[in-house]
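Topology and contacts: notes
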Amino acid sequence: MSVVLWGVLAYVGVQLGIGLFFSRRMKSESDYYLAGRKLGMGISTMTIFATWFGAETCIGSSGRIYSDGLSGGRADPFGYTLCILGMGLFFAVPFWKKQLTTLGDLFRIRYAPWVESIAVIVIAPSSVIWAAAQIRAFGHVISVSSNFGDGIAITAAAIVVIAYTTMGGMFADAITDVVQGIALIVGLVVLAGAAFYAVGGFHGIAEAIEPSRLTLFSGGDESLLARLDGWAVPIFGSMLAQELIARTLAAKSPQVARYSAFTASGLYFCVACVPLLLGLIGPTLLPGLEDSEQFLPTVAQKLLPTFMYVLFAGALISAILSTVDSALLAASALVSHNLIVPLIPNATDKKKVLIARGTVICFGVIAYVMAFRADDIYDLVETASAFGSAGAFVVVVFALFTRFGGSITAVATLIVGCTANGIAEYVFELDYPYLMALAASLATYCCVGIFDRARAEVAVNDAVTEGAEA
């Protein structure tokens, strides 16, 4: 077994140890999913940053920029930076003040329990798909660092992330996110320095980047609507993801929730510029690479001495672990808290935590199967962002900021949002399916909402009439 793989295993062992240590503090559902709502500014900022800075940014995005130039990074880092910023600007404080446990709670409080159940069924799969992308990326790191094939590497990665997430919960996640975030930043800075030296400094970087690769809004043969669709998916599709909302709800005050999102978005973009730059100069550093997803770990292995590569591999694993555990916790929280626990009257806190851990394991296995069958990390992440999110985004905005629309309105919008994207893409073969899903969801909420209001007014009038006759 190589020195690099031993180093990676040692790093993973430390993370598992931290998770095991903090698992003893999990006394309630709030502890497990929201760290007791006690996160301060520093930890809250780092956990948002580390959760969002995952396999997509390090491996998927750098590989896509390696292949397509700067336009390959429109989703990440540019789209997801705006996503986190939008959470801070518009949603962090309203969510925190409602003292929710999950996004599903909002549907129950604003509409009805049966709406909550449907919403969870629509929202939860995206977190599982997101987790699958991280597991696949973890497998790539193990594969490059060893003689194992992708199949064995992805299987080993799945076992590690399931065990890691099941033990620790949000508090362990937040603590390790600080460690992982620092390791990630240091690792990327070291790799950036090595690349800077390899291409010959600033002059070499300028020569290594072809001007045609610096157009952010280039889409080749894409239409304007298709390009806008590529921006809409990461921004609107992920702004209300349970993973991000959970970090908001775990903050100790609404001010911390808001300003940690602002700070995390800035940190995210600055650090993400490293894999972005590496992707741009990638053809010079590593010409002719067939699998672009292998670009970042391969170029690190080429440029760094063994010891430094071990540190970098640990940084990549940091990015992956901090994202995958958040995704699995998000899916678990929605299904456990909003679907299973309500079916068990008088469930103790201990039993709720046990159910939570059981759902983490189940979703971890599902994510592993998806990771094993998938072809591309970038596409997995975009699928996760788009799946069911258009209808959920529209409903949540109306639920938080208006009293317009009732239960039927919300469910109709969720269903339309979940199906319109697929119909637009696979039936009509449009190249802007997510924009169509957003438009259809908004139209549905407004139209059905008017019907809902008229129906409610008729019911009130009938009740008044019956009262007068009595």
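Data block above holds the structure.
It should be emphasised that the depicted structure is a prediction, and the values quoted were computed from it without experimental measurement. (Residues numbered from 1 in each chain as written. Predicted model: local features only at pLDDT ≥ 70, side-chain atom pairs only at ≥ 80, totals over all residues. Heavy atoms only, no water.)

Re the overall build of the protein
Counted only if it meets this: Numbering of helices and strands starts at the N terminus; helices are DSSP runs of H or I of at least 4 residues and strands are runs of E of at least 2. Only protein chains enter the accessibility calculation, which uses a 1.4 Å probe; a residue whose area is less than 20% of its type maximum is buried, one above 50% is exposed, and one in between is partly exposed. Residues are treated as being in contact if the distance between any of their heavy atoms lies within 4.5 Å.
Across its full length, the protein holds 19 helices and 0 strands. Taken across its 470 residues, the protein has 59% of its residues classed as buried. Long-range contacts, defined as pairs at least 24 residues apart, comprise 85% of the intrachain contacts of the protein with a sequence gap of at least 6.

Topic: empty space enclosed by the protein
The following threshold applies: Definitions used for this entry: grid spacing 1 Å over protein atoms alone; cavity, a set of points where a 1.4 Å probe fits but cannot get out; pocket, an open set with protein on both sides within 12 Å along at least 5 of 7 lines; lining residue, one with an atom within 4 Å of a point. Grid points are joined across faces, edges and corners, and a volume is the space filled by probe spheres set on the points.
Per the stated rule, a full pass over the model turns up 4 cavities of 30 Å³ or more. Broken down by secondary-structure element, the contributors of at least two residues to the lining of the second largest cavity are helix 2 (29-34), helix 11 (242-250) and helix 14 (306-340). Sorting elements by how many residues they give to the lining of the second largest cavity places helix 14 first, with 4 residues.

Observations concerning the pattern of salt bridges
Where we set the bar: A pairing counts as a salt bridge when a side-chain nitrogen of Lys or Arg comes within 4 Å of a carboxyl oxygen of Asp or Glu.
Applying the stated rule across the entire model yields 3 salt bridges. Between R108 and D105 there is a salt bridge, and its shortest N-O distance comes to 3.1 Å. Taken together, the residues R108 and D105, both in helix 6 (residues 103-110) and 3 residues apart, mark about one turn of the helix. The exposure class assigned to R108 is partly exposed, which follows from its relative accessible area of 32%. Relative accessible area serves as the criterion here: at 3%, D105 is assigned to the buried category. Notably, a salt bridge pairs R247 with D177, separated by 4.0 Å at the nearest N-O pair. Of the two residues, R247 is situated in helix 11 and D177 in helix 8 (residues 150-199); the sequence distance between them amounts to 70 residues. Like D177, R247 is buried.

Some words on the nonpolar core
Rules: The definition of a nonpolar core used throughout is a set of buried Ala, Val, Leu, Ile, Met, Phe, Trp, Tyr and Cys residues joined through side-chain atoms within 4.5 Å.
If you look at the biggest cluster of nonpolar residues, it comprises 141 residues, and the most contacted ones within it are F95, F107 and F138. Ignoring sequence-local partners within four residues, the contact set of F95 consists of M87, L100, L103, L106, L240, I245, T248, L249, V396 and L400.

Let's talk about helix 3 (residues 41-52)
Put simply, the rule is: Helix span, as expected, comes to 1.5 Å for every residue beyond the first.
Under the 1.5 Å per step criterion, the end-to-end length of helix 3 is 17 Å for 12 residues, consistent within 8% with the ideal 16 Å. The buried fraction of helix 3 is high, at 9 of 12 residues. Residues of helix 3 that are buried include every one of S44, T45, M46, T47, I48, F49, A50, T51 and W52, and no others.

Side note on the packing of helix 5 (residues 74-98) against helix 17 (residues 389-401)
As a reminder, the rule being used: Each axis is a line fitted through C-alpha atoms, taken for helices only over the stretch in contact, and angles between the N-to-C directions span 0 to 180 degrees. Less than a right angle of anticlockwise turn of the near helix away from the far helix marks a crossing as left-handed, whereas a clockwise turn marks it as right-handed. Under the scheme applied here, ten amino acids are nonpolar (Ala, Val, Leu, Ile, Met, Phe, Trp, Tyr, Cys and Pro), four are charged (Asp, Glu, Lys and Arg), and all others, including Gly, are polar.
Look at helix 5 against helix 17: their axes get within 11 Å of each other, and the N-to-C directions meet at 65°. Two packed elements cross with a definite hand, and for helix 5 against helix 17 that hand is left-handed. Touching F90, F91, P94, F95 and K98 of helix 5 are F393, V396, V397, L400 and F401, all from helix 17. In the contact of helix 5 with helix 17, the residues fall into 9 nonpolar, no polar and 1 charged.

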